[in-house]
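# Working through the structure, step by step
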Amino acid sequence: TNLETIIDPGNDYRRHMSGGSLIISDLDKDQDTGVYQCTAVNTWGAVLSRRASLRFAYLDNFKSQADRSAVHVREGQGVVLLCGPPVNSGELTYAWIFNEYPRFVQQDSRRFISQETGNLYVAKVERSDVGNYTCVVNNTVTGDKVLSSPTPLVLRTDGVMGEYEPKIEVHFPESVPAAKESAVRLECFALGNPVPEISWRRTSGVPFPSKVKMKNSNAVLEIPNFQQEDAGTYECVAENWRGKNAARGRLSFHAKPHWLLTMVDTALSVEANLFWECKANGKPKPSYSWLKNGLFLLSPQGRIQIENGALSIAALNLSDSGMYQCVAENKHGFIYSSAQLMVLASPPSFSKSPLKALLKARTGSEVTLECKPEAWPPAISLWKKGNEILMTLLPNGTLRIANATRQDAGSYTCVAKNQFGTASTTGKLLITEPTRITMRPTNTEIIVGESAVLPCQIASDPALDVSFSWAFNGQLIDFQRDGNHFERVGGSVSGDLMIRNIQLSHGGKYVCLIDTDVESLSTSAILVVKGPPGPPDKVTVEEITDSTAQLSWTPGRDNGSPITGYIIQARTPFTVGWQAVDTVPEVINGNLLTATVVGLNAWVEYEFRVVARNTVGLGEPSPASTKTRTEDSIPDTAPTDVGGGGGTKSELVITWEELQNGDGFGYIIAFRPLGLVTWTRAAISTPGIGRYVFRNDTIPAFSPFEVKVGAYNNRGEGPFSSIATVYSAEEVPSVAPKRVRTRSVSAVQIEVIWEALPALPERVLGYEVRFDSEEKLILFFDPLNTWKSNAVFILLILAPDRAPHNIQWTMIGSTLSLHWDPVIAMETESKVTGYLVLLKKNHYNDVTALFTNKTAVELTLNANSNYLIQVKAMSEGGEGVGSEPIHIHKLSMGARGSGAVALKPVLHISLPLVGALLCFLH
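Note that the structure is predicted; figures quoted are calculated from it, not measured. (Residues numbered from 1 in each chain as written. Predicted model: local features only at pLDDT ≥ 70, side-chain atom pairs only at ≥ 80, totals over all residues. Heavy atoms only, no water.)

## Things to note about the state of the cysteines
Overall, the coordinates contain 5 disulfides when judged by the stated rule. The disulfide partner of Cys188 is Cys236, and the S-S distance across this bridge is 1.7 Å. On the S-S bond that ties Cys188 to Cys236, the torsion sits near -75 degrees, and the link is left-handed. Here Cys236 lies in strand S24 (residues 232-240) and Cys188 lies in the loop between strand S19 (184-187) and strand S20 (189-193), a separation of 48 residues in the sequence. Each member of the pair Cys188 and Cys236 is classed as buried. Counting its disulfide-bonded cysteines in sequence order, the chain shows a connectivity of 1-2, 3-4, 5-6, 7-8, 9-10. (Disulfide = S-S within 2.5 Å. Helix = DSSP H or I, 4+ residues; strand = E, 2+ residues; numbered from the N terminus. Buried < 20%, exposed > 50% of the residue type's maximum accessible area, 1.4 Å probe, protein only.)

## Looking at the environment of Arg488
As for its placement among the helices and strands, Arg488 is situated in strand S50 (residues 486-489). Along the sequence, Arg488 and Val453 sit 35 residues apart, while their C-alpha atoms lie 9.3 Å from each other. Residue contacts for Arg488: discarding those within four places in its chain leaves Phe468, Phe479, Ser494, Gly495 and Asp496. Within polar-contact distance, the side chain of Arg488 engages the backbone oxygen of Ser494 at 3.1 Å. (Contact = heavy atoms within 4.5 Å. Polar contact = N/O pair within 3.5 Å; in protein donor to acceptor, adjacent residues only side chain to side chain.)

## Quick notes on the sheet that holds strand S32 (residues 310-313)
Taken in spatial order, the 3 strands line up as S27-S32-S31 in an open sheet, and their pairing is antiparallel. At either margin of the open sheet sits one strand with a lone partner, and together these are strand S27 (274-277) and strand S31 (304-307). This sheet shows a mean twist of 10 degrees between the axes of neighbouring strands, independent of strand direction. In this structure, S27 lies alongside S32, joined through 4 bridges in antiparallel fashion. Paired with Phe275 across the strands is Ser312, a residue of S32. (Pairing = 2+ DSSP bridges. Axes fitted to C-alpha atoms, helices over the stretch in contact; angles between N-to-C directions.)

## Overview of the packing of aromatic side chains
Taken as a whole and assessed by the stated rule, the structure comprises 18 aromatic pairs. Here the aromatic rings of Phe208 and Tyr234 are separated by 6.0 Å at their centres, their planes lie at 10 degrees, and the arrangement is stacked. One end of the pair, Phe208, is in the loop between strand S21 (197-202) and strand S22 (213-215); the other, Tyr234, is in strand S24, and 26 residues separate them in sequence. Ring centres of Phe486 and Tyr510 lie 6.3 Å apart, and the angle between their planes is 50 degrees; this geometry places the pair in the tilted category. On the criterion of sequence distance, the pair formed by Phe486 in strand S50 and Tyr510 in strand S52 (residues 508-515) is long-range, its members being 24 residues apart. Each member of the pair, Phe486 as well as Tyr510, is classed as buried. Connected via pairs of aromatic rings, a cluster forms that spans Phe112, Tyr121 and Phe189. Geometry around Trp241 places Arg242 over its ring, the cationic atom sitting 4.9 Å from the centre. When the ring centre of Trp679 is taken as origin, the NZ or CZ atom of Lys708, which lies over that ring, is 4.5 Å away. (Phe/Tyr/Trp six-rings, centres within 6.5 Å; stacked < 30°, edge-to-face > 60°. Lys NZ or Arg CZ within 6 Å of the ring centre and 35° of its normal.)

## Some words on the environment of Val857
In this fold, Val857 is placed in strand S80 (residues 856-860). Residue classification places Val857 among the buried residues on the basis of a relative accessible area of 11%. For the pair formed by Val857 and Ile807, sequence separation is 50 residues and the distance between their alpha carbons is 11 Å. In this structure Val857 touches Leu816, Ser817, Leu818, Trp820, Val837 and Leu850, once residues within four positions along its chain are discounted.

## So, the pattern of salt bridges
This structure, assessed with the given rule, holds 38 salt bridges. One salt bridge in this structure joins Asp32 and Arg14, with 2.9 Å as the shortest N-O distance. Linking Asp32 in helix H1 (residues 29-32) with Arg14 in the segment before strand S1 (15-18), this pair joins segments that are 18 residues apart in sequence. A relative accessible area of 0% means that Asp32 is categorised as buried. One salt bridge connects Lys279 with Glu277, and the closest N-O pair in it is separated by 3.9 Å. Judged by its relative accessible area of 30%, Glu277 is partly exposed. Salt bridges here are not isolated pairs; linked through shared partners, they connect Asp12, Arg14, Arg15 and Asp32. (Salt bridge = Lys/Arg side-chain N within 4 Å of Asp/Glu carboxyl O.)

## Points about the nonpolar core
The tendency in soluble globular proteins is for nonpolar side chains to be buried side by side. Residues Leu186, Trp200, Phe226 and Leu251 are the most contacted members of the largest nonpolar core, which totals 22 residues. Counting only elements with at least two residues in this core, the list comes to strand S18 (175-179), S19, S21, strand S23 (220-223), S24 and strand S25 (243-261). Top element by residues in this core is S25. It accounts for 4 residues. Judged by nonpolar contacts, the second largest core, of 21 residues, contains Phe62, Val79, Leu92 and Trp96. (Core = buried A, V, L, I, M, F, W, Y, C linked by side-chain atoms within 4.5 Å.)

## Details of the UniProt feature "domain: Fibronectin type-III" (unreviewed entry) in the chain
The feature "domain: Fibronectin type-III" (unreviewed entry), as given by UniProt, occupies residues 535-633, 638-731 and 803-894 in the numbering adopted here. Taken end to end, residues 535-633 comprises 0% helix and 45% strand; its first and last C-alpha atoms sit 34 Å apart. (UniProt positions renumbered as here; feature names shortened; annotations may be inferred.)

## Concerning the UniProt feature "domain: Ig-like" (unreviewed entry) in the chain
The sites that UniProt annotates as "domain: Ig-like" (unreviewed entry) are residues 60-148, 166-252, 257-342, 348-432 and 434-522. Between the end C-alpha atoms of residues 60-148 the distance is 11 Å, and the span holds 0% helix and 37% strand. Annotation note: span residues 257-342, helix share 0%, strand share 62%, distance between end C-alpha atoms 28 Å.

## What about the sheet that holds strand S48 (residues 467-472)?
Ordered in space as S45-S53-S52-S48-S49, the 5 strands form an open sheet in which the pairing is mixed. At either margin of the open sheet sits one strand with a lone partner, and together these are strand S45 (444-447) and strand S49 (475-476). Two elements, S48 and S52, share 6 bridges in a ladder whose sense is antiparallel. The residue bridging Ser469 from the neighbouring strand is Leu513, located in S52.

## Focus: the side chain of Glu751
Along the chain, Glu751 turns up in strand S72 (residues 749-755). Look at Glu751 and you get buried, because its relative accessible area is 9%. Within polar-contact distance, the side chain of Glu751 engages the side chain of Arg743 at 2.6 Å.

## A few points about the pairing of strand S68 (residues 704-713)
Regular strands place side chains that alternate from one sheet face to the opposite one. Of all the 10 residues making up S68, 8 are buried; the element is thus mostly covered by neighbouring parts of the structure. Where strand S65 (residues 666-673) and S68 come together, 8 bridges link them in antiparallel fashion. Along S68, the bridge assignment pairs Ile669 with Val709. Sheet topology places S68 next to strand S70 (residues 724-727); 4 bridges connect them, and they run antiparallel. Each residue of the ladder has a partner; that of Val707, found in S70, is Ala724. As paired elements, S68 and strand S69 (residues 716-720) share 3 bridges and run antiparallel to each other.

Structure representation (structure tokens):
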């Protein structure tokens, strides 16, 4: 600037610096108003900051407080009351008081207060407008407010003003520059009788965007965030029925500068030429100036030329080093761009780019030796082999040897020179024989889980360092991370790749990469990994009958070996696990994607899955199909395992094996006393119950009945089962044992004696002996009626109170294999001597017991029977707790499973020899 003041914080008590910030206390409008810039300086130069403007907002009082002259107007005439704001700085707003505070003039279509001038405009005066008007000026920055003297408005008495066309008193200039992103406000107001209506338009006919707002009865048009597309000619139209007038003005788009091109830090040698250019956009078009170390450069200055945004300096010298700034400016702002110029002068140096002490190259290759000294100005270079000067140089000083031979080996030196000195660098060139690949990998097919070695072997010059690496499908193999599968074997001349436990994901392209000091080679092969097929998908039941189901599916991946066939498996609520089913065709080849399952049971809910196979083996099964129920049919089989017995007095209990066959399903039960001809029939339709109880007080106890059971559904009745004999419920013994007494046998044994019973009408199955002492009740039973009138009890030998657990079983054909974890006796229990396996057949009336001293057993089962199996530990204390029952359904052949055994509570025997004895008859 023309008037610059250097601020010296050390000699100015009001101004001091903190870091790079200037702090001014006790601000003074006269001393501190102005434009500030900061200069930052270091050893490389100085730069000037952007400009910061400091202005003070203020609002003086109106100069004269004397009453203003009255304004005389006719009724119906328009009038303008001038505000004439005092001297000020900062944004102002205006209002008018009518007569006295706080009665303010309300703006409407008839009255308008310009926020540009502060004047009050009344389009058409009415009698109610007569009074005193005071202009109120408010500074929005300081909050100061000043009031003018009142201006009286008086009606003239010489008549009323007639109607007249609008006269625009408030309008915007013909040319309005608007800065980018600024808020533009245009005012337009007219006097007239009748009161004019104000409207706006663009002369181009383009409608206003939604951001444009009109206020104060359209007297104000606001355009926020002004952009290039908002520029153009705007027209304000004032109209009443007497006529109309218009005012026009053009909004031009202005923008502060922004950079298109700036300079960058540059290092040049002495005597070189500098050319820097900066370009900026802006409206108005920016002007440019240049600074060096914070001071403006004046042009021309001999070697220094400035033209628009370009700076050129010829024949640089060390004094030209420093910080340079380009400034682009227009009326809307300034922008700065800075860069450093380093002018360098030094002798040649190879410290950063010496020749390698030993250089290797392959026979027949092209050898390039670079000579890149650091020198300012650039050095002149020459090459020597030994003491012989070489002339075959490239323009940049590089030495190139085409089709190198053994004769080109030797010592090479590059010598560089400029006016400040000379330097050299030397290296030895060794010519080697080409490397050859002697064994390459070949395309290979392999089965999942196998291992393979891909060979990669070479013959190379012994002077060369060789390294091997492998890439798989374009990615380098990390032998540490993937060491479970990949290993490089073979030593320095062999890079063989060992792949262990090959998976499907290992199929692809393998590349052996050989790197030496002088060349890189590669060889590749394709590894095809074959495995069992992937799981089929989308298994769908297309059609189903009472005994067949038509299925379709989509194939899975063949995993390198074509699919040769499919197997279909099914599962129902009545089977254990998945089982293969019969199909049509019987053998499903790999080209088929549909088959019909046959031999299904009616009215059973089935799930199906498909397993694919190829030459490698069976694949994973498909996801299960949606559960689908076969159609119902007339029952074609009779219920099996018809039996029964037990119950309470006057009851006949009949049981059978459940069937499942259609809607309206139920059972018909027929029975008659043994020896009679007439059958009694009953029907039940409760699903899931294979038991019927007939109650009648005339039924003799333990009387034989002939029983048969048939099934029916909505389609009809099926056949009856074969006739079985079932006994009615028994009566309990009518007489209790008498003359019960005890005799001590030993420290741990006691003999219980009672009187033998006479013949009774009820059947006697055995005795129950109870020991009751210290509120502990111990029961002994005699299910085989071996006790007649006495029994000896060993009271303190306890059976194990835990059941065998973790029972695993496998069914292959008709052979059932069981094994379980051993039971370990506690200190208070007798030692386990073996295990009792109870095999209950059909309705569990047929019981077979098998003793073993091992924890595994194999049983041969009938494929047409149902079984319930339990395992118990055995000891001198008797049988232990039984395991959870294992149910083996007649459809479970070929299945496997396990039992999670829950422990059952048992009574612990801890009785002294003295106690109360109770004997019961069963």
